[in-house]
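Observations on the three-dimensional arrangement
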There are 2 protein chains.
Amino acid sequence: MRQTTLRDVAELAGVSPRTVSNVVNGYARVTDATREKVERAIAQLGYRPNVLARNLATGRSGQIVVVVPYLDTPYFAELLQGIIPAARKLGYNVLVDQTDGDRDHEGELIGRGSRRFLFDGMIFSPLGLSQEDLSVRDPDLPLVVLGERSSDGTFDHVGIDDVAASTDAVSHLFSIGRRRIAAIGDQPYPTGEAAQLRTQGYRAAHALFGRPVDESLIISTARFNRADGATAMAALLDRADPPDAVFCYSDLVASGAIHAIHQRGLRVPEDVAIIGYDDIEDGRYSSPTISTIQPDKKAIAQMAVDRLVKRIASPSPVPGVELRAEHRLIARESTLGVATSS
Amino acid sequence: MRQTTLRDVAELAGVSPRTVSNVVNGYARVTDATREKVERAIAQLGYRPNVLARNLATGRSGQIVVVVPYLDTPYFAELLQGIIPAARKLGYNVLVDQTDGDRDHEGELIGRGSRRFLFDGMIFSPLGLSQEDLSVRDPDLPLVVLGERSSDGTFDHVGIDDVAASTDAVSHLFSIGRRRIAAIGDQPYPTGEAAQLRTQGYRAAHALFGRPVDESLIISTARFNRADGATAMAALLDRADPPDAVFCYSDLVASGAIHAIHQRGLRVPEDVAIIGYDDIEDGRYSSPTISTIQPDKKAIAQMAVDRLVKRIASPSPVPGVELRAEHRLIARESTLGVATSS
DNA sequence: ATAGTCCTTTGCAGCGCTGCAAAGCGCAAT
DNA sequence: ATTGCGCTTTGCAGCGCTGCAAAGGACTAT
């Protein structure tokens, strides 16, 4: 039992296969009479076009892949929820891949692998790959990079102004009267650009308020997750001079930090104020609700998809651009306390 | 500038294209000498196989699609994190799609659409589609269903024993001395099977402990999310006779409920004990940590992929089976209080 | 009546690969 | 030396569709 093909439909409708193709794709001008004949035949045979064959003939797959380090990180999950509908609206399916932040895996994906043919373009959130690594890649792959790397001119980059956002976050802590402010999430090594930009903002805010930076309050973590946040916070609380506020480099870190604080029987924000980063849904419901930096995720998703599709469509290389989405400071209970809660 | 093809490699290596194909795929027996020649040629030309062409020739795409209602629901994100590596290990790429629980969209996906050719099989977590709707589908599509529907014999179903798990959850609340136990998340309509099984467990536990069911304590919600959990809980607290414990049909609902309780200045579990369902990471870090039912997600992911791949590989229809993963009750602070915290 | 124009439909060739089965080849057994 | 066997390599045809450009047809203007 063979599958029904264009040819079968053509025969039944009494037209050429090419005409059936034109009807199916809404191509060219087809008279209503012909279209109707063809459509009737399609319905009668239960024909459906073979996308695989179309892909081969056109050389395009109609798929884009979104590569993130961790799918179970709410930030990425929320971002994906913006990307998928945006891409589908433009006729693309979305493939999702996660790399676990593994450098080799990430390198493979942007390299000249044979999977290349499976997608027309890639939206990529690197973690294990450094800025330099990003340049060693398949030059034919339309690429949009998310996060904190910057473009080398051959791909687009979409993100928010991390330094400014981090400065805002720490300034907020100063402005509610805190003086010993820690930072959790620094990554002082080549692939830690994201973290380093936030640390830069942390320093900038200190400068702004004329406060010296206590280097010992900048805590490094391997990842931006809850477990690392909790561990780092516990270490801070063990000190003789614990901080009275903490800037966490993600809401997950903040969530872990709050957990650690509660385990000591201390209170947020009375004993330690906490501000996070990303504005994941979690933070809007946790106890206390988490103050945070809210990147405009919908805008990021839309920009990334738009740029990528533009890049795919263009026959000549498109110069890479830097796109910045907006961000806002959202003050909640973890800095303002319950009374002033929004 | 054409892409390099098998033919080019064959020419350079001085063998037939078919032999190159054999080398590339590790097919058949090829002598070391030939293999080496071919591999050298491949390296020299930077050849990579065109997956699109292979797909057309073999009629398979090497992709499976995972369809979930919401990607930003941690439960699904965590599940996906199990599915993706399991599938990749078996040579399949994973496509992800989200339906927003929309009945039409879900129906289209399991129907005879042309996207069918893009994937060899589907792992599907239905929400908008009722049990009956599931039978109106492309019979050729290898399908594994997740969650709470049951198999009609043409597809596999992987889940946990929801009734037993729910009974466990509510029994736990009884066993810590609670007497007025509410349930949040019922969905008394055709597509609410998932919810209804949990309600069944809720009733079973009451029977087990010889307590009558107060129907007014069973609260329906449209979704299993934080917002609905908070709203429902707020309504319960507004009553003259609020419950002293709540069984929430997901951890997200529990998170929302706790949020509502805290907003009233009440405490968990002193005033109201809360138990959730799913064991998402969130619940392990929230304040208080959330008692829950822990389904064995890794097992579910693995079973689903294994069955699907078996189904794809089999030339004849495979009878559908019901697979049950284990579940465990995890008691945390939201029922036990801080002192006894694990 | 004839030529020119525009719109619809068609035919061809090929995208790059693999399934199938037969051809080729080297070696062992007789 | 001849036959037979088993492993390696090959050739053919075609997966189902679309790009391209030309053929066909209807209609208008002269």
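Since we're looking at a predicted model, the values are computed, not measured.

Moving on to the overall build of chain A. Along its length, chain A carries 13 helices and 12 strands. Counting only C-alpha atoms and orienting by the principal axes, one finds that chain A spans roughly 85 × 40 × 35 Å. The buried share of chain A, reckoned over its 342 residues, is 56%. Considering only residue pairs separated by 6 or more positions, chain A has 70% of its internal contacts joining residues 24 or more positions apart.

This next bit is on unusual backbone geometry. Following Ser-287 of chain A, the chain continues to Pro-288 of chain A via a peptide bond in cis, the omega torsion being -10 degrees. The residue Pro-288 of chain A is located in the loop between helix 11 (281–285) and strand 10 (292–295) in this model. With an omega of 5 degrees, the peptide bond running from Val-268 of chain B to Pro-269 of chain B counts as cis. In this structure, Asp-100 of chain A takes a positive phi of about 60 degrees despite not being glycine. Among the structural elements, Asp-100 of chain A can be located in the loop between strand 2 (93–98) and helix 6 (103–110).

On to the protein's contact with DNA strand C. Thr-19, Arg-29 and Thr-34 of chain A together with Leu-6 and Tyr-47 of chain B are the nearest of the 26 residues found near DNA strand C. What you see for DNA strand C is that sugar and phosphate hold 71% of its atoms within 4 Å of the protein. Note that a phosphate oxygen of DNA strand C is positioned 3.0 Å from one of the backbone N or O atoms of Ser-16 of chain A. Take Thr-19 of chain A: an N or O atom from its side chain is 2.4 Å from a phosphate oxygen of DNA strand C. Sorting the residues of the surface near DNA strand C by element identifies helix 2 (17–25) and helix 4 (51–58) of chain A together with helix 1 (6–13), helix 2 (17–25) and helix 4 (51–58) of chain B as the ones contributing at least two each. Among the elements that line the surface near DNA strand C, the one with the most residues is helix 4 of chain B, at four residues. Among the residues making up the surface near DNA strand C, the classes are represented as 10 nonpolar, 11 polar and five charged.

Before going further, it helps to examine the sheet that holds strand 7 (residues 218–220) of chain B. Residues and elements named next belong to chain B. Taken in spatial order, the four strands line up as 7-6-8-9 in an open sheet, and their pairing is parallel. A single partner strand is all that each edge strand has here, and the edge strands are strand 7 and strand 9 (273–275). For this sheet, the mean inter-axis angle between neighbouring strands, taken without regard to orientation, is 20 degrees. Two elements, strand 6 (residues 181–186) and strand 7, share three bridges in a ladder whose sense is parallel. By the bridge assignment, Asp-186 is partnered in strand 7 with Ser-220. Packed on one face of the sheet, helix 8 (residues 193–208) meets strand 6, strand 7 and strand 8 (245–248) and runs near 165 degrees to strand 6. Against the sheet, helix 9 (residues 226–238) makes contact with strand 6, strand 7, strand 8 and strand 9, and its axis sits at roughly 145 degrees relative to strand 6, the strand it touches most.

Let us look at the side chain of His-206 of chain A. In this structure, His-206 of chain A sits in helix 8 (residues 193–208). When residues no more than four places from it in sequence are discounted, the contact partners of His-206 of chain A are Val-170, Phe-174, Ile-181, Arg-211, Pro-212 and Val-213 of chain A.

Calculation rules
Residues numbered from 1 in each chain as written. Chains lettered and ligands numbered in written order. Predicted model: local features only at pLDDT ≥ 70, side-chain atom pairs only at ≥ 80, totals over all residues. Heavy atoms only, no water. Helix = DSSP H or I, 4+ residues; strand = E, 2+ residues; numbered from the N terminus. Buried < 20%, exposed > 50% of the residue type's maximum accessible area, 1.4 Å probe, protein only. Contact = heavy atoms within 4.5 Å. Near = heavy atom within 4 Å. Polar contact = N/O pair within 3.5 Å; in protein donor to acceptor, adjacent residues only side chain to side chain. Nonpolar A, V, L, I, M, F, W, Y, C, P; charged D, E, K, R; others polar. Pairing = 2+ DSSP bridges. Axes fitted to C-alpha atoms, helices over the stretch in contact; angles between N-to-C directions.

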